[in-house]
Amino acid sequence: MNANVAIQVLPDVHGDEEIIRVVDAVIDYIRSTGVTYYVGPCETAMEGDYEQLMEIVKQCQYIAIEAGAPSVMSYVKITYKPDGEKLTIERKVSKHHKNDAAKKSSAA
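Computed from a predicted model, the values in this text were never measured in an experiment.

Caption draft 1: Broad picture of the overall build of the chain. A tally of regular secondary structure across the chain gives four helices and four strands. Its helices and strands taken in sequence order, the chain reads β-α-β-β-α-β-α-α from the N to the C terminus. Referenced to the eigenvectors of the C-alpha coordinate spread, the extents of the chain come out at roughly 45 × 40 × 20 Å. The proportion of buried residues among the 108 residues of the chain is 27%. Excluding contacts between residues fewer than 6 apart, the proportion of contacts in the chain whose partners are at least 24 apart in sequence is 73%. When the accessible surface of the chain is split by element, carbon and sulfur atoms take 54% of a total near 7000 Å².

Following this line, the structure appears as structure tokens:
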């Protein structure tokens, strides 16, 4: 792994349900690639090989269009370090989510 990429896909569609539907199609595609990813409320983070991640970013635009968006805007953040490992998603966020499972089970 030599890169982290975060992508926010903003399809040009009307209504929250349509936005969610198109973005879900993009997330389903990202899931299908097998890369490690983390879905947040405003973007999806991925980690892996730089070239593979750039191809995924490119395909996300096509997926949004295929899902019915007439156009799409995306914001992309890239961390690339050709020599050596990057910080993992797990290391970045796990300390902030360690109590999530306990909160979910107590709410049930």
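Caption draft 2: Seen up close, a nonpolar patch on the surface. Residues Leu10, Met73 and Tyr75 make up a contiguous nonpolar surface patch of roughly 290 Å² in combined accessible area. Take Met73: it is sitting in strand β4 (residues 72-80). Overall, the relative accessible area of 48% leaves Met73 in the partly exposed class.

The rules behind the values
- Residues numbered from 1 in each chain as written.
- Predicted model: local features only at pLDDT ≥ 70, side-chain atom pairs only at ≥ 80, totals over all residues.
- Heavy atoms only, no water.
- Helix = DSSP H or I, 4+ residues; strand = E, 2+ residues; numbered from the N terminus.
- Buried < 20%, exposed > 50% of the residue type's maximum accessible area, 1.4 Å probe, protein only.
- Contact = heavy atoms within 4.5 Å.
- Areas by Shrake-Rupley, 256 points an atom, 1.4 Å probe, with all protein chains shown as cover.
- Patch = residues over 30% accessible without salt bridge, like charges linked within 9 Å, V, L, I, M, F, W, Y side chains within 5 Å.
- Salt bridge = Lys/Arg side-chain N within 4 Å of Asp/Glu carboxyl O.

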